[in-house]
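Working through the structure, step by step
Here is how the chains run, residue by residue.
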Amino acid sequence: MRWQEGHRSPDVIDARGPGGGGGGGFGGMRLGIGGLVVVGILSVVFRTNLFPLFSGGGTTPARQAPAAQGPQRTGNAEEDRQVHFVSFVLDDVQANWTRIMPSLGRPYERARLVIFTEAIRTGCGAADSAIGPFYCPADQRVYIDLGFFRELRARFGAPGDFAQAYVLAHEVGHHAQHLLGIEARARAAQSRDPARENDLSVRMELQADCFAGVWAHSTQQRNLLEAGDLEEGLAAAAAVGDDRIQRSAGQRVRPESWTHGSAAQRASWFRRGWTSGDPNQCDTFGG
Ligand SMILES: [Zn+2]
């Protein structure tokens, strides 16, 4: 992807532990190490319905994101570059929403993005890296531990900068769902009819994939794509399909347990957004 090196975003909050990413920081969290990381990431990547997953505080205080704090320099050139890339994609995705959301009947309000390491307190409760990147509707923030991009490459077999961009655009897609009232309606329907909880979750996730595709369309229009970028996005959407994840974890493939949709569904909705560039084509609730 063609992007602006060194880009800084006013909406990125850097809550990484002292010394930057990777090690150190604040140890002693109850989750987030060893096998739990694997299980956690495999089962809940991009999950949007966070409340049942979070521990709601507990005894170990997690670091809280500062109200506003620009990126720190870590001395780690690769990680600094990663922060700039995330900042660029966040701003670009949100600029696109600012442009298109009025056609859906309301103005866009920008979300913020918190970069953290290991664990963080959020408006949705305490979370740790094992949960994967997520969006919290209560504080309208996207949370990500940059270590997830290593997981995406190594564990999910989805390398490339556009794979990472897809993840970010998907999470901002959840913010768009929140602003449009789609998330509130889905949540209400879930509590009215718990038997439809997973089905509604899948529809939410596939719509966020389609919204990510809508942004991908705009990058293509603006000639930001390099050869192979769309394939990276499609591959990443498929890599985090529930059937793929269940198979790679040695589990039986059980569609009734899915919360995000199959590899084929996810790639197909991403493609639909990308080919149309139109969020109105992302009605995953209609059919
Ligand atoms: Zn999601």
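Residues numbered from 1 in each chain as written. Predicted model: local features only at pLDDT ≥ 70, side-chain atom pairs only at ≥ 80, totals over all residues. Heavy atoms only, no water.

**Observations regarding the environment of Leu-224**
- Residue position: Leu-224 is located in the loop between α6 (197-221) and α7 (229-239).
- For Leu-224 and Trp-3, which are 221 residues apart along the polypeptide, the C-alpha to C-alpha distance reads 7.1 Å.
- In this structure, Leu-224 is in contact with Met-1, Arg-2, Phe-88, Asp-92, Thr-219 and Asp-229, ignoring residues within four places of it in sequence. (Helix = DSSP H or I, 4+ residues; strand = E, 2+ residues; numbered from the N terminus. Contact = heavy atoms within 4.5 Å.)

**A look at helix α9 (residues 263-276)**
- Over its 14 residues, α9 runs 20 Å from end to end, which matches the ideal 20 Å to within 8%, given 1.5 Å per residue.
- When we look at burial in α9, the residues that qualify are Ala-263, Arg-266, Ala-267, Trp-269, Phe-270, Gly-273 and Trp-274. One side of α9 holds all its buried residues, which, seen down the axis, span an arc of 165 degrees. Opposite the buried face of α9, at more than 90 degrees from it, the exposed residues are Ala-264 and Thr-275.
- If you follow the buried residues of α9, they end up packed against α4 (161-179), α6, α7 and α8 (242-248).
- Remark: Gly-277 follows α9 within two positions and exhibits a positive phi of approximately 65 degrees. (Expected span 1.5 Å × (residues − 1). Buried < 20%, exposed > 50% of the residue type's maximum accessible area, 1.4 Å probe, protein only. Arc of directions from axis to C-beta.)

**Quick look at unusual backbone geometry**
- Within the chain, Glu-118 stands out as a residue other than glycine whose phi angle is a positive 75 degrees.
- Mapping Glu-118 onto the fold places it in the loop between β2 (112-116) and β3 (119-122).

**Thoughts on the sheet that holds β2**
- With mixed pairing, four strands are arranged side by side in an open sheet as β1-β2-β6-β5. Taken across any chain shown, the strands that pair with only one partner, and hence form the sheet edges, are β1 (12-15) and β5 (134-136). Here the strands of the sheet are splayed against their neighbours by 25 degrees on average, with no regard to which way each runs.
- Of the strands in this sheet, β2, β5 and β6 (141-144) are in contact with α4, which crosses β5 at around 25 degrees. (Pairing = 2+ DSSP bridges. Axes fitted to C-alpha atoms, helices over the stretch in contact; angles between N-to-C directions.)

**Remarks on the packing of α7 against α9**
- Packing of α7 against α9 leaves a shortest axis separation of 7 Å and a crossing angle of 145 degrees. The way α7 lies across α9 gives a crossing that is right-handed. For the pair α7 and α9, contact is made by Leu-230, Gly-233, Leu-234, Ala-237 and Ala-238 and by Ala-263, Arg-266, Ala-267, Phe-270, Arg-271 and Trp-274, respectively.
- Each residue belonging to the contact of α7 with α9 can be placed in one class, and the counts come to eight nonpolar, one polar and two charged. (Left-handed = near helix turned anticlockwise from the far one by under 90°. Nonpolar A, V, L, I, M, F, W, Y, C, P; charged D, E, K, R; others polar.)

**Topic: the state of the cysteines**
- Counted under the stated rule, the structure contains two disulfides.
- Covalently, Cys-124 is tied to Cys-136 through a disulfide, its sulfur atoms 2.1 Å apart. An S-S torsion of about 95 degrees defines the bridge between Cys-124 and Cys-136 as right-handed. Here Cys-124, found in the loop between β3 and β4 (125-128), pairs with Cys-136, found in strand β5; they are twelve residues apart in sequence, far enough to count as distant. Like Cys-124, the residue Cys-136 is buried in the burial classification.
- Across the disulfide from Cys-210 sits Cys-282; the S-S distance is 2.0 Å. Residues Cys-210 and Cys-282 share a disulfide whose torsion about the S-S bond is about -70 degrees; that sign makes it left-handed. With a gap of 72 residues between them, Cys-210 in helix α6 and Cys-282 in the segment after α9 connect regions that are remote in the sequence. (Disulfide = S-S within 2.5 Å.)

**Brief notes about the confidence of the model for the protein chain**
- Residues with a pLDDT of 70 or more make up 80% of the protein chain, whose mean pLDDT is 84.
- Within the protein chain, no element has a lower average pLDDT than helix α1 (residues 35-44), which sits at 36, and none a higher one than β2, at 97. (pLDDT = per-residue confidence, 0-100.)

**Topic: the nonpolar core**
- Within the largest apolar cluster, 64 residues are counted, with the highest numbers of intra-cluster contacts made by Met-1, Val-89, Trp-97, Leu-113, Phe-149, Phe-162 and Phe-270.
- For this core, the leading source of residues is α4, giving ten residues.
- Among the nonpolar cores identified, the runner-up in size contains twelve residues, and Ala-65, Val-114, Ile-120 and Cys-124 belong to it. (Core = buried A, V, L, I, M, F, W, Y, C linked by side-chain atoms within 4.5 Å.)

**Examining the pattern of salt bridges**
- Scanning the model with the defined rule gives eleven salt bridges in all.
- Among the ionic pairs, Asp-11 bridges to Arg-110, the shortest N-O distance being 2.4 Å. Taken as a pair, Asp-11 in the segment before β1 and Arg-110 in the loop between α2 (77-100) and β2 lie far apart in primary sequence, 99 residues in all.
- Assessed through its relative accessible area of 7%, Asp-11 is described here as buried.
- The partner of Asp-199 in a salt bridge is Arg-203, with the nearest N and O atoms 3.2 Å apart. Of this pair, Asp-199 and Arg-203 are both found in helix α6, four residues apart, which corresponds to roughly one turn of the helix. (Salt bridge = Lys/Arg side-chain N within 4 Å of Asp/Glu carboxyl O.)

**Remarks on the packing of α2 against α6**
- Packing of α2 against α6 brings their axes to within 10 Å, and their N-to-C directions diverge by 95 degrees. If you check the angle between α2 and α6, you find them roughly perpendicular. Counting all contacts with α2, which are made through Val-89, Asp-92, Val-93, Asn-96, Trp-97, Arg-99 and Ile-100, the residues of α6 involved are Phe-211, Val-214, Trp-215, Ser-218 and Thr-219.
- Looking at side-chain class alone, the contact of α2 with α6 contains seven nonpolar, three polar and two charged residues. (Parallel < 35°, antiparallel > 145°, perpendicular 65-115°, else oblique.)

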